[in-house]
Amino acid sequence: MIKAVRGTRDLLPPDTELWNFVEHTVREVFARYNYREIRTPIFESTELFSRSVGEETDIVSKEMFTWEDKARAASEKTQTLTLRPENTAGVVRAYIEHELGRSGLLQKLYYIGPQFRRERPQKGRYRQFFQIGAEVLGPTTAGSELPIRDAEVLDMLTALLDAVGLTGWTLYLNSVGCAKCRPAYNQALRDALENVKDQMCGDCQRRSETNPLRVLDCKVPEDQPIIEGLPKIADYLDEGCREHFAQVRAILDTLGIPYQVNERMVRGLDYYTRTTFEFTHGKLGSQSAVLGGGRYDGLSEQLDGPKAPGIGFAIGEDRLVLALQAQQQQTLAPLKAFVVPLGEGMNRHALKLAKQLRADGVAVDVSDESFRLKKSFETAEKLGATFAIIVGENEVKADAFAVKNLTSGLQTTVSRSELLGHLED
RNA sequence: GUGGGUAUAGUUCAAUGGUGGAACGCCGGUCUGUGGCACCGGAUGGUGUGGGUUCGAGUCCCACUACCCACCCCA
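A.B. asks: What am I meant to see in the packing of helix α1 (residues 15–32) against helix α5 (residues 147–164) here?
C.D. replies: Two quantities define a packed helix pair, namely the angle between the axes and the distance from one axis to the other. Direction vectors running N to C along α1 and α5 enclose 140 degrees, while the axes themselves pass 10 Å from each other. Here α1 is positioned oblique relative to α5, judged by the angle of their axes. Taken as a pair, α1 and α5 cross one another with a handedness that is right-handed. Judged by residue contacts, F21, V22, T25, V26, V29 and F30 of α1 engage M156, A159, L160, A163 and V164 from α5. Considering only residue class, the contact of α1 with α5 consists of 10 nonpolar, 1 polar and no charged.

Following this line, the structure appears as structure tokens:
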């Protein structure tokens, strides 16, 4: 048997209904904030990711699905392509390529789509996974750098989580500084680690060399006192970054959005500057981050584009759905009625009635006359239909049908013209 | 990529190395124009894949694959 490959999966009914509900809600909520959809290719030049996400990150150094696309003709050239491991790079690339900044307006874009990372699958982690993300970016003159944008993004996220019914989340907030002040902090951290790293766990000793910021994220209990004593990013933020972060928090306070500043929260993509954030949820096991994001004021220039500060996020849709399922969010059965033909030659009359109801926008399904009536009722029950409508000889003659409410058990005879109104009561 | 666990019917699980079972679900009947309840009856897998040990393997060994948990990391 051929099976779905490692780390990929089929989404089947009824789960797909929850996915659709989430995506529907996303589109509706994001539209209220004036975001519009962008769709970028599912694969891009490998270089796009190595230059934006960062050559040294785990994503680029070991998790990408990359292949050589060989030249087939003189007019082609061989290039190295990669299935997108995230979508911000693609959006910024599109922003640059189509000169979206020339409108002078802030670009508020969102996307929903699959991403690919070659990691070991785990709960809430798949090799093909779905992200719902949004980016707001534009020229500085459009206000793209201002704290109000950060706060608005976070406000939209809380509105979305509210709308889909997710409870029990925590918003963690941090500022990681900018290209000017972060190097100083990095250096201070390296210097401090030099003295204490041999007392720390093996992972931290390694991180001290490769990515000192990650040491802050260590969960080994013995290391915690040492980490407490390390330099704090807040003390190294320059005036601009400090003020920016303070304003973001002030606006969040005004909006009544609860958050916790977490100075240890480190994000794994190199392009983040200033504000970074993460929403976690307790029901997700060790992959507790349901969404994450941050500001990336230098990304466009890093990709040879114009100055275009921005902020964005990605929601792990798989994880959001998992969290909702853990809350036992029930999706309702959408089927209104099950039309039951009874006796020979009734199929066509049943289908005609179904056609009429469907044209009126009612979700109905149709049985067939090979089923005994009892069986059809059982099926109606299993399908979650609210009504069963019987189409027998008597009914066809009278052009009025036996309509049974499967919840209450009450049955009445309703004429064809009154049927629609009866079902919608 | 690393460590650990698991893999038996549609599902959840049983089966001291000796002919693979239960529950639920499914199908049928009691009940030939009426579901949910009850009772009766029935079908369903040869044990993830490939090797090996053994007279004999679901059971022991090896490899592979997948899933789960954790690490790493991230959404």
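A.B. asks: Looking at this model, I keep getting lost on the protein's contact with RNA strand B. Mind explaining?
C.D. replies: Neighbouring residues of RNA strand B: 51 residues in total, closest R117, R214, R267, G268 and E381. In the environment of RNA strand B, a sugar or linking oxygen lies 3.1 Å from a nitrogen or oxygen atom belonging to the backbone of G316. Elements with a contribution of two residues or more to the surface near RNA strand B: β6 (128–137), α7 (202–210), β10 (289–295), β11 (310–316), α14 (373–383), α15 (393–398) and β15 (400–405). A per-element tally of the surface near RNA strand B places α14 first, with 7 residues. Taken together, the residues of the surface near RNA strand B break down into 15 nonpolar, 14 polar and 22 charged.

A.B. asks: Please clarify how the packing of aromatic side chains should be interpreted in this entry.
C.D. replies: Taken as a whole, this structure holds 9 aromatic pairs when the rule is applied. When the centroid spacing of 6.1 Å and the interplanar angle of 50 degrees are considered together, the rings of F30 and Y35 count as tilted. Neither residue differs from the other here; F30 and Y35 are each classed as buried. Relative to F313, the ring of F30 has its centre 6.0 Å away and its plane inclined at 80 degrees; by these criteria the two rings are edge-to-face. Remark: F313 occurs in strand β11 and F30 occurs in helix α1; sequence separation between them is 283 residues. The exposure class of F30 is buried, given its relative accessible area of 0%. Grouping aromatic residues by their ring pairs yields a cluster made of F30, Y35, Y110 and F313. The aromatic ring of Y126 is capped on one face by R9, whose charged end is 4.0 Å from the ring centroid. Here the guanidinium or amino end of R249 rests over the ring plane of F245, the centre of that ring lying 4.5 Å away.

A.B. asks: Got a minute to help me understand the side chain of R274 in this structure?
C.D. replies: Relative to the helices and strands, R274 resides in strand β9 (residues 273–281). As a buried residue without a salt bridge, R274 has its nearest oppositely charged side chain in E145, at a separation of 4.3 Å. Here R274 is in contact with E145, N174, S175, V176, G177, G240, C241, H244, R295 and D297, once residues within four sequence places are set aside.

A.B. asks: How do you make sense of the sheet that holds β15 when you look at a structure like this?
C.D. replies: Hydrogen bonding along the main chain pairs the strands of a sheet, whether they run parallel or antiparallel. The strand order across the open sheet built from 5 strands is β13-β12-β14-β15-β16, with neighbouring strands paired in mixed fashion. Edge positions in the sheet fall to β13 (364–366) and β16 (411–415), since each of these pairs with one other strand and no more. When the angles between neighbouring strand axes are averaged without regard to direction, this sheet yields 25 degrees. Alignment of strand β12 (residues 337–341) against strand β14 (residues 387–391), held across 5 bridges, turns out to be parallel. Looking across to β14, one finds that V339 is bridged to I389. Relative to the sheet, helix α13 (residues 347–359) contacts β12, β13, β14 and β15, its axis offset from that of β13 by approximately 170 degrees.

A.B. asks: Just to check I follow, could you spell out the pattern of salt bridges for this structure?
C.D. replies: Scanning the entire structure with this criterion turns up 18 salt bridges. Between K62 and D58 there is a salt bridge, and its shortest N-O distance comes to 3.5 Å. Note that K62 and D58 are positioned in helix α3 (residues 58–62) at a spacing of 4 residues, about one turn of the helix. Where K108 meets E152, a salt bridge forms, and the shortest distance between an N and an O atom there is 3.2 Å. Note that K108 is positioned in strand β5 (residues 107–116) and E152 in helix α5, a separation of 44 residues in sequence. For K108, a relative accessible area of 13% puts it in the buried group.

A.B. asks: Hey, could you run me through the domain arrangement of chain A in this one?
C.D. replies: A common way to state how big an interface is: give the accessible area lost once the parts meet. Per the domain assignment, the segments of chain A are domain 1 (15–181 + 237–326) and domain 2 (337–424). Computed over C-alpha atoms, the centres of domain 1 and domain 2 are 49 Å apart.

A.B. asks: It is not clear to me how the environment of V366 should be interpreted in this structure. Could you clarify?
C.D. replies: Tracing the chain through its elements places V366 in strand β13. Between the C-alpha atom of V366 and that of T140, which follows or precedes it by 226 residues, the distance is 59 Å. Apart from residues lying up to four places away in sequence, V366 is in contact with F338, V339, A350, L351, A354 and R358.

A.B. asks: So what exactly am I meant to see when it comes to the sheet that holds strand β1 (residues 36–37) here?
C.D. replies: Overall, mixed pairing links the 8 strands, which are arranged β1-β5-β6-β11-β10-β9-β7-β8 in an open sheet. Because the sheet does not close on itself, it has two edges, and the strands there are β1 and β8 (260–261). In the packing of α1 onto the sheet, contacts are made with β1, β5, β6 and β11, and the angle to β6 comes to roughly 5 degrees.

A.B. asks: Please clarify how the pairing of β9 should be interpreted in this entry.
C.D. replies: A regular strand carries its side chains on alternate faces of the sheet. For β9, the tally of buried residues reaches 9 of 9 residues, placing the bulk of the element in the interior. Here strand β7 (residues 169–175) runs beside β9; their pairing, made up of 7 bridges, is antiparallel. In the sheet register, T170 faces β9, and the bridge partner there is T280. Examined bridge by bridge, β9 and β10 share 6 bridges and lie antiparallel to one another. When the bridges of β10 are listed, F277 appears paired with G293.

Calculation rules
- Residues numbered from 1 in each chain as written.
- Chains lettered and ligands numbered in written order.
- Predicted model: local features only at pLDDT ≥ 70, side-chain atom pairs only at ≥ 80, totals over all residues.
- Heavy atoms only, no water.
- Axes fitted to C-alpha atoms, helices over the stretch in contact; angles between N-to-C directions.
- Helix = DSSP H or I, 4+ residues; strand = E, 2+ residues; numbered from the N terminus.
- Parallel < 35°, antiparallel > 145°, perpendicular 65-115°, else oblique.
- Left-handed = near helix turned anticlockwise from the far one by under 90°.
- Contact = heavy atoms within 4.5 Å.
- Nonpolar A, V, L, I, M, F, W, Y, C, P; charged D, E, K, R; others polar.
- Near = heavy atom within 4 Å.
- Polar contact = N/O pair within 3.5 Å; in protein donor to acceptor, adjacent residues only side chain to side chain.
- Phe/Tyr/Trp six-rings, centres within 6.5 Å; stacked < 30°, edge-to-face > 60°.
- Buried < 20%, exposed > 50% of the residue type's maximum accessible area, 1.4 Å probe, protein only.
- Lys NZ or Arg CZ within 6 Å of the ring centre and 35° of its normal.
- Lys, Arg positive; Asp, Glu negative; His and termini not counted.
- Salt bridge = Lys/Arg side-chain N within 4 Å of Asp/Glu carboxyl O.
- Pairing = 2+ DSSP bridges.
- Domains from an automatic or database assignment.

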